[in-house]
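Fold and contact review
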Amino acid sequence: MILNGAFEPQALSQLWDRKWPECPPFAHWLPGRYPDHWVRFRSLPESKRYPDSAAEYAIVLDRHYTVLSELNPGSHLLIITAEWTDTPQTTPQRWPRRSEVTPTSRHWQTLIEEPDEEPDFRSHTQLYAEARPWQPDTIDTLLRAVADDEINGVLLGPPDLGWLYHPYDGGADVIVSTRAERDELKARHPTWLSDHPAGL
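To start, this report covers the structure provided alongside it.

Definitions and cut-offs
- Residues numbered from 1 in each chain as written.
- Predicted model: local features only at pLDDT ≥ 70, side-chain atom pairs only at ≥ 80, totals over all residues.
- Heavy atoms only, no water.
- 1 Å grid on protein atoms, 1.4 Å probe; cavity = no way out; pocket = protein on both sides within 12 Å on 5 of 7 lines; lining within 4 Å.
- Points joined across faces, edges and corners; volume = space filled by probe spheres on them.
- Helix = DSSP H or I, 4+ residues; strand = E, 2+ residues; numbered from the N terminus.
- Nonpolar A, V, L, I, M, F, W, Y, C, P; charged D, E, K, R; others polar.
- Core = buried A, V, L, I, M, F, W, Y, C linked by side-chain atoms within 4.5 Å.
- Buried < 20%, exposed > 50% of the residue type's maximum accessible area, 1.4 Å probe, protein only.
- Contact = heavy atoms within 4.5 Å.
- Phe/Tyr/Trp six-rings, centres within 6.5 Å; stacked < 30°, edge-to-face > 60°.
- Lys NZ or Arg CZ within 6 Å of the ring centre and 35° of its normal.
- Lys, Arg positive; Asp, Glu negative; His and termini not counted.
- Salt bridge = Lys/Arg side-chain N within 4 Å of Asp/Glu carboxyl O.
- Polar contact = N/O pair within 3.5 Å; in protein donor to acceptor, adjacent residues only side chain to side chain.

Per the counting criterion, the structure on display carries one cavity of 30 Å³ or more. A volume near 50 Å³ is recorded for the largest cavity. Within the residue set of the lining of the largest cavity, elements represented by two or more residues are strand 3 (38–42), helix 3 (54–71) and strand 9 (171–175). The biggest single contributor to the lining of the largest cavity is helix 3, with four residues. When grouped by side-chain class, the residues that make up the lining of the largest cavity number six nonpolar, three polar and two charged.

This paragraph deals with the nonpolar core. The nonpolar side chains of a soluble globular protein tend to be buried, and buried together. With 26 residues, the main nonpolar core has Ile139, Leu156, Tyr165 and Val174 as its most contacted residues. Of all the secondary-structure elements, those providing two or more residues to this core are strand 3, helix 3, strand 4 (76–85), helix 5 (140–147) and strand 9. The dominant element in this core, judged by the number of residues it contributes, is helix 3, at five residues. What Ile139 contacts, discounting residues up to four positions off in sequence, is Tyr65, Leu68, Leu77, Ile79, Arg132 and Leu156. Grouped together as the second largest cluster of nonpolar side chains are 23 residues, Trp16, Tyr34, Trp84 and Leu127 included.

To continue, consider the packing of aromatic side chains. Under the criterion given, the structure shown has five aromatic pairs. Consider the rings of Tyr65 and Trp134, whose centres lie 6.1 Å apart with planes at 45 degrees: the pair is tilted. Of this pair, Tyr65 sits in helix 3 while Trp134 sits in the loop between strand 6 (124–133) and helix 5, and the two are 69 residues apart along the sequence. Both residues of the pair, Tyr65 and Trp134, count as buried. The ring of Tyr128 carries the charged tip of Arg98 above its face, separated from the ring centre by 3.8 Å. One residue, Arg144, lies across the ring of Tyr57, its end atom 4.0 Å from the ring centre.

Right, let's get into the side chain of Arg63. Along the chain, the position of Arg63 falls in helix 3. We note that Arg63 is buried and unpaired, the nearest opposite charge coming from Asp62 at a distance of 6.3 Å. Setting aside anything within four residues of it in sequence, one finds Arg63 in contact with Arg42, Ser43, Leu44, Pro45, Tyr165 and Trp192.

The next subject is the environment of Thr81. Here Thr81 is to be found in strand 4. Judged by relative accessible area, which is 1%, Thr81 ranks as buried. Other than its neighbours up to four places away in sequence, Thr81 contacts Arg98, Thr102, Ser105, Gln126, Leu127, Tyr128, Leu142, Gly153 and Val154. Within the structure, Thr81 has its side chain in polar contact with the side chain of Arg98 (distance 3.2 Å).

A separate point is the side chain of Asp173. Mapped onto the secondary structure, Asp173 falls in strand 9. Side-chain polar atoms of Asp173 contact the side chain of Trp38, separated by 2.9 Å. Among the polar contacts made by the side chain of Asp173, one reaches the side chain of Arg40 at a distance of 2.6 Å. Dropping the residues within four chain positions of it, Asp173 is found in contact with Pro31, Trp38, Val39, Arg40, Leu164, Tyr165, His166 and Tyr168.

This is the structure we're talking about:
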């Protein structure tokens, strides 16, 4: 499905439907569709949302890369990013920063999150994908842009989509294939968990 960073859109769509049939690739829907497979980690102590110093950016990156390394992407990391347009056309886009931090990504598919909305108010989600050789530090620019709320709707995973990682400004949602894997992740990083009763 992925060779030298390239992917085939139809094959990726079929793989997604096989691995995550309960949810289209809307990152923010995943916790609700897979609650028994989901854990949320905060990216800064005391659930601080935004980093404002070099030391805090270092903490954000360290936490993301620690969990990603534990999940073990293998040789490549699949990067899915989102953009929004007012029509099915891929331009003009509302968040131009996305193409700056993932300049080699290719359009994957177009989805409508709220198809019952009036056409004049309907938003089209444009999904892009790419694969990069995996190593810690390979997506620093992307993760910093997420931390600063310059882009959102990002999903990361291995080429077989065996797990999903959704970084957002303030933390990350992790969706794994079993409850046992989820519980093991939670046990490894108890101080990174939210104190919200629902884990939000």
